[in-house]
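These are the residues of each chain, in order.
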Amino acid sequence: MSIELNMEQLSITEDKCPSKTRIINEADIIVPDSKPDAVRVLEADAVPQINEKYISRDYLTLSGTINYRILYVSDGGTVESIDYTTPFSQQIDAQGADDGMTSCVHCSVSHVEHTVRNSRKLNVKSAIDVSAHTYDMSSVSVVSGVEADISVPSRTAAAESFNLALCSENTFGIDDTVKLPAASPVIDEILKCDIRMAESELKVVTNKAVAKGRLTLTTLYRSDGEICCAENEIPFTQITDVDSVTADMYTEADYDIKNLSCARELDDDGTMSLINVRADICMTIRAYEEKNFEYISDVYSPDYDIEVESAPLTIGTLADTATAQHTLNESVAFDDGCTVDKIYSMTTSVCVERCAISCNRVEIGGFVTVCLLGRGECGVCSAQRQISFEHEMPLSRAVDERCARAVADAAIEHASYNIENDTSVQVRIVLRISSKVMCERTVNAITNIVLDEEKKIDKSTQSGITVYFVQSGDELWDIAKRYHTTSEDILGTNKLESDVTLSVGQQLLIPKRN
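Below, the structure is looked at part by part. Just so it is clear, the structure is predicted and the values come from calculations on it, not from any experiment.

**What about the overall build of the protein chain?**
When helices and strands are tallied, the protein chain shows 2 helices and 21 strands. For 514 residues, the compact-globule estimate of 2.2 N^0.38 gives 24 Å, and the C-alpha radius of gyration of the protein chain, at 32 Å, exceeds that figure by more than 25%. Expressed as lengths along the three principal axes of its C-alpha atoms, the size of the protein chain is roughly 110 × 40 × 40 Å. Counting all 514 residues of the protein chain, 45% fall into the buried class. For the protein chain, long-range pairs separated by at least 24 residues make up 77% of all intrachain contacts whose partners lie at least 6 apart in sequence.

Pasting the structure below:
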């Protein structure tokens, strides 16, 4: 006697401890000796950067820096800038995490507060929201078929899985020189640079990923005592080696821009109208494997004792993806009611705070932070406002909300402003919102079958024919297994077709199998 098993190899990834943590960072910043005294702060930005991640048992430890970029008005009425970097570290509870697992971490700035302690000392305080996932990536072999020279009935089930197969982090550099738009004043001093991902596209082939995109650089600078602002587009294409990725995988990427530096340069005419831009882009690629497979959920032998090993198998499926636009139109007033006649710059950032499934729709909430810098009767002035948004995305099909999970992302697609009166500005923000809904279910799969040909089932006490009356919930398979026979033997004895539907109280004759 022999038994041969057909095995199916499956990749299994478990998110051990998805968590959200808020890091509070506070720093006193001394105005450099080369800078004039500070009177008031116009803007304070915080840019978090994760440099190291370390997973130990039940913990994820992060370390990195927060780069503060501050614009202030001096006692002489000029606008000055300070860059200040401070380190941070944070230990996050991640029950079940262990060395060798993979982590994905995303940071967003919730808010930044600033005060002037005195003319030579500024205080900044930021709240950084950290979303962390710790993945245990493994594989399991399940029995998908049984071949034997004895009767070994098996119950086969079909399933589809959507599983995170790899999470790859790759960093590449941008080193480009852009020219100020035509008719722009020359650069005397760069005060501040902001850069964001305007659009991106990811394509994969076997073991390679091709990332294409466009960065938007906003440069605030001083020219002949006046504040000026310029905007440039920087395209990029990056080909990266990614082991084990294939073209048929579902892929997505996040981009974090780090170590931004900008320096003015002379053009061919000898004027300061060029900006050299350098930055590191950390690209996190997640590739999901979609697979249809069959597995054995139950098996027995009517004649011999067999040892069956099984394991619970958590299977994820992709239930829905969607992308939509959401437009915000809001009025933003300047601090202290300052009247303005010109806007120097507007910077924006978006943060998703909430994503949930309710009544077959994805509910997404968050806010956009808008910072305006303008000129008014009181000199250079600023305005900052957080604009909340709520967006609902209907699901393409109904899901069981108890085992479904939604994730969402938002990016700023377009931002513009219009001075509506001398104290406020109308801003228009167009968001691109994307959502993904995944469902999970746990099944019992057979992982091994061992036949002991020395242990025949004792049927000496079993009657030659057993009369059985069908009970509620009975299936022919379960009855055959209980009486050590086969479904085919029961069907043949009772002259029933293979597609018969049993009814409660129905009489069946169950033959003893020799």
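**Let's talk about the sheet that holds strand β15 (residues 340–358)**
Spatially, β15-β16-β17 is the arrangement adopted by the 3 strands of the open sheet, whose pairing is antiparallel. Of all the strands in the sheet, the pair left with one neighbour each is β15 and β17 (379–394). Shown here is a sheet whose adjacent strand axes are inclined to one another by a mean of 15 degrees, direction ignored. Both strand β16 (residues 361–376) and β17 contribute to a ladder of 16 bridges, which runs antiparallel. Bridge pairing in β17 places Arg-361 opposite Pro-394.

**Focus: the sheet that holds strand β14 (residues 304–333)**
Spatially, the 3 strands line up as an open sheet ordered β14-β19-β18, and their pairing is antiparallel. Edge positions in the sheet fall to β14 and β18 (404–421), since each of these pairs with one other strand and no more. When the angles between neighbouring strand axes are averaged without regard to direction, this sheet yields 5 degrees. By the bridge criterion, 16 bridges tie β18 to strand β19 (residues 424–456) in an arrangement that is antiparallel. Bridging from a neighbouring strand, Ala-406 pairs with Val-437 of β19.

**Notes on the pairing of strand β2 (residues 19–30)**
Only one face of β2 is buried, namely the one carrying Ser-19, Thr-21, Ile-23, Asn-25, Ala-27 and Ile-29, since none of Lys-20, Arg-22, Ile-24, Glu-26, Asp-28 and Ile-30 on the opposite face is buried. Where β2 and strand β7 (residues 121–148) come together, 12 bridges link them in antiparallel fashion. When the sheet's bridge partners are listed, Ser-19 is paired in β7 with Ala-132.

**Description of the environment of Thr-246**
Tracing the sequence through the fold places Thr-246 in the loop between β11 (226–241) and β12 (250–266). Sequence-wise, Thr-246 and Ala-356 are 110 residues apart; in three dimensions their C-alpha atoms are separated by 31 Å. Other than its neighbours up to four places away in sequence, Thr-246 contacts Val-204, Val-205 and Thr-206. A polar contact of 2.5 Å, which involves the side chain of Thr-246, links it to the side chain of Asp-248.

**Some points on the state of the cysteines**
Considering all chains together, one arrives at 2 disulfides under this definition. Covalently, Cys-104 is tied to Cys-167 through a disulfide, its sulfur atoms 2.4 Å apart. Across the S-S bond linking Cys-104 and Cys-167, the dihedral sits near 120 degrees, which makes this disulfide right-handed. Taken together, the residues span a long stretch of sequence, with Cys-104 in strand β6 (residues 102–118) and Cys-167 in strand β8 (residues 154–179) at a distance of 63 residues. Both residues of the pair, Cys-104 and Cys-167, belong to the buried class. The cystine pairing of the protein chain, numbering bonded cysteines in sequence order, is 1-2, 3-4.

**Quick word on a nonpolar patch on the surface**
A cluster of nonpolar side chains, contributed by Ile-465, Val-467, Phe-469 and Leu-509, occupies part of the molecular surface with about 330 Å² of accessible area. With respect to the helices, strands and loops of the structure, Val-467 is situated in strand β20 (residues 465–469). Accessibility expressed as a relative area gives 46% for Val-467, which makes it partly exposed.

**Here we look at the environment of Ser-126**
By the secondary structure assignment, Ser-126 is in strand β7. You can call Ser-126 buried: its relative accessible area is 1%. As a C-alpha pair, Ser-126 and Glu-252 span 126 residues in sequence and 29 Å in three-dimensional space. Ignoring any residue separated from it by four or fewer positions in sequence, one finds Ser-126 in contact with Ile-23, Ile-24, Asn-25, Ala-46, Ile-66, Tyr-68, His-111 and Val-112. A distance of 2.7 Å separates polar atoms of two side chains, one belonging to Ser-126 and the other to Tyr-68.

**What about the packing of aromatic side chains?**
Taken as a whole and assessed by the stated rule, the structure comprises 8 aromatic pairs. Note on Tyr-250 and Tyr-288: the rings are 6.0 Å apart at their centroids and 70 degrees apart in plane angle, and the pair reads as edge-to-face. You can see Tyr-250 sitting in strand β12 and its partner Tyr-288 sitting in strand β13 (residues 272–299), a full 38 residues away along the chain. The class of Tyr-250 is partly exposed, set by a relative accessible area of 25%. Here Phe-293 and Tyr-295 contribute two aromatic rings whose centre-to-centre distance is 6.1 Å and whose plane-to-plane angle is 45 degrees, an arrangement assigned as tilted. For Phe-293, a relative accessible area of 5% puts it in the buried group. With a relative accessible area of 5%, Tyr-295 lands in the buried category.

Parameters and conventions
- Residues numbered from 1 in each chain as written.
- Predicted model: local features only at pLDDT ≥ 70, side-chain atom pairs only at ≥ 80, totals over all residues.
- Heavy atoms only, no water.
- Helix = DSSP H or I, 4+ residues; strand = E, 2+ residues; numbered from the N terminus.
- Rg over C-alpha atoms; globule rule 2.2 N^0.38 Å.
- Buried < 20%, exposed > 50% of the residue type's maximum accessible area, 1.4 Å probe, protein only.
- Contact = heavy atoms within 4.5 Å.
- Pairing = 2+ DSSP bridges.
- Axes fitted to C-alpha atoms, helices over the stretch in contact; angles between N-to-C directions.
- Polar contact = N/O pair within 3.5 Å; in protein donor to acceptor, adjacent residues only side chain to side chain.
- Disulfide = S-S within 2.5 Å.
- Patch = residues over 30% accessible without salt bridge, like charges linked within 9 Å, V, L, I, M, F, W, Y side chains within 5 Å.
- Areas by Shrake-Rupley, 256 points an atom, 1.4 Å probe, with all protein chains shown as cover.
- Salt bridge = Lys/Arg side-chain N within 4 Å of Asp/Glu carboxyl O.
- Phe/Tyr/Trp six-rings, centres within 6.5 Å; stacked < 30°, edge-to-face > 60°.

Fair warning: the whole summary comes from geometry, so function is off the table for now.
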